[in-house]
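Spelled out from the first residue to the last, the chains are:
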Amino acid sequence: MKIEISPIGYAKTHFKTLENMPVQPLGGMEHIGEIVIDEKYKDGLKDLDGFNYIYLIYYFHKNKGYNLTPIPFNDKTHTPRGVFSTRTPVHPNHLGLSLVELIEVNENIIKFRGVDILDGTPIMDIKPYIKNFDKVCNPKSGWMKSEEEEVAQKRADGRFC
């Protein structure tokens, strides 16, 4: 089965290259970015400003190929892991997911905090974070043992370029 999807917009961020870019939104909380939504989808932004967190689903447009056993950024043991147990950018379909803080919606522009994506990244979809849908109790983080501060400090090091 072949599935074809098209971006609904693109990201405007100050990260022009992967070097020193946060690898998760937690590490980019001091950075503000924008999503520019294609005019034909602008009406779909109605009511989004009633939420303070949104999921950005995007396409890793700079990635070539995939790796089924990458070594994730935050793996303290530097062990190859199954790609589906990671948040790395080297998944087969090159889709990324970031939970970011929504600052404002103005016309077709979404301003957000928590930038961990490159300038020009194609945005495939946006979904609101809804506590009663998305909150989980006692989540297990598998192999991931890094503390919040360590995750916030982690920057891209070129391993997935």
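Above this text you will find the structure in question.
An account of the accompanying structure is given in this report. (Residues numbered from 1 in each chain as written. Predicted model: local features only at pLDDT ≥ 70, side-chain atom pairs only at ≥ 80, totals over all residues. Heavy atoms only, no water.)

**Details of the sheet that holds strand β1 (residues 9–12)**
For step 1, the next point in the chain: The strand order β1-β2-β5-β4-β3-β6 describes a closed barrel built from six strands, whose pairing is antiparallel. Within this sheet the neighbouring strands show an average axis-to-axis angle of 45 degrees, counted without direction.
For step 2, the next point in the chain: Here strand β3 (residues 53–59) runs beside strand β4 (residues 95–106); their pairing, made up of seven bridges, is antiparallel. Looking across to β4, one finds that Tyr53 is bridged to Glu101. (Pairing = 2+ DSSP bridges. Helix = DSSP H or I, 4+ residues; strand = E, 2+ residues; numbered from the N terminus. Axes fitted to C-alpha atoms, helices over the stretch in contact; angles between N-to-C directions.)

**Here's the deal with the nonpolar core**
For step 1, the next point in the chain: Core analysis: the biggest nonpolar cluster contains 21 residues, and Ile35, Ile54, Leu56, Ile110, Ile123 and Ile126 have the highest contact counts within it.
For step 2, the next point in the chain: Other than its neighbours up to four places away in sequence, Leu56 contacts Ile35, Gly96, Leu97, Ser98, Val100, Phe112, Ile117, Asp125 and Ile126. (Core = buried A, V, L, I, M, F, W, Y, C linked by side-chain atoms within 4.5 Å. Buried < 20%, exposed > 50% of the residue type's maximum accessible area, 1.4 Å probe, protein only. Contact = heavy atoms within 4.5 Å.)

**A look at the pairing of β1**
For step 1, the next point in the chain: Pairing analysis gives four bridges linking β1 to strand β2 (residues 32–37), with the strands arranged antiparallel. Note on β2: the bridge partner recorded for Tyr10 is Val36.
For step 2, the next point in the chain: For β1 and strand β6 (residues 122–128), the ladder comprises two bridges, and the chain directions are antiparallel. Among the inter-strand pairings, Tyr10 is bridged to a residue of β6, identified as Pro122.

**Brief notes about the pairing of strand β5 (residues 109–113)**
For step 1, the next point in the chain: Side-chain alternation along β5 places Ile110 and Phe112 on a buried face and Ile109, Lys111 and Arg113 on a face that remains uncovered.
For step 2, the next point in the chain: Where β4 meets β5, five bridges bridge the pair, whose relative direction is antiparallel. Counted as the bridge partner of Val105 is Ile110 from β5.
For step 3, the next point in the chain: The turn joining β4 and β5, which pair antiparallel and follow one another in sequence, is formed by two residues; a positive phi near 60 degrees is taken by Glu107.

**Concerning the side chain of Asn63**
For step 1, the next point in the chain: Relative to the helices and strands, Asn63 is located in the loop between β3 and β4.
For step 2, the next point in the chain: Within the local environment of Asn63, its side chain forms a polar contact with the backbone oxygen of Pro89, the two atoms lying 2.3 Å apart. (Polar contact = N/O pair within 3.5 Å; in protein donor to acceptor, adjacent residues only side chain to side chain.)

**Topic: the packing of aromatic side chains**
For step 1, the next point in the chain: Under the defined criterion, the tally for this structure stands at two aromatic pairs.
For step 2, the next point in the chain: Centroid distance Tyr55 to Tyr129: 6.2 Å. Interplanar angle 50 degrees. Geometry classified as tilted. Here Tyr55, found in strand β3, pairs with Tyr129, found in the loop between β6 and α1 (131–134); they are 74 residues apart in sequence, far enough to count as distant.
For step 3, the next point in the chain: For Tyr129, a relative accessible area of 25% translates into the label partly exposed.
For step 4, the next point in the chain: For the pair Tyr58 and Phe60, a centre-to-centre distance of 5.3 Å together with 80 degrees between the ring planes defines the contact as edge-to-face. Comparing Tyr58 with Phe60, the two get one shared label, buried. (Phe/Tyr/Trp six-rings, centres within 6.5 Å; stacked < 30°, edge-to-face > 60°.)

**Overview of the pattern of salt bridges**
For step 1, the next point in the chain: In total, this model carries nine salt bridges according to the counting rule given.
For step 2, the next point in the chain: The residue Lys46 makes a salt bridge to Asp47 at a minimum N-O spacing of 3.2 Å.
For step 3, the next point in the chain: For Lys46, a relative accessible area of 62% gives the class exposed.
For step 4, the next point in the chain: For Arg113, the salt bridge identified is with Glu101, shortest N-O distance 3.4 Å. Here Arg113, found in strand β5, pairs with Glu101, found in strand β4; they are twelve residues apart in sequence, far enough to count as distant.
For step 5, the next point in the chain: Since its relative accessible area comes to 29%, Arg113 is described here as partly exposed.
For step 6, the next point in the chain: Glu101 gets classed as partly exposed once you look at its relative accessible area, which sits at 24%.
For step 7, the next point in the chain: It is possible to trace a salt-bridge network through shared partners that takes in Glu39, Lys42 and Glu107. (Salt bridge = Lys/Arg side-chain N within 4 Å of Asp/Glu carboxyl O.)

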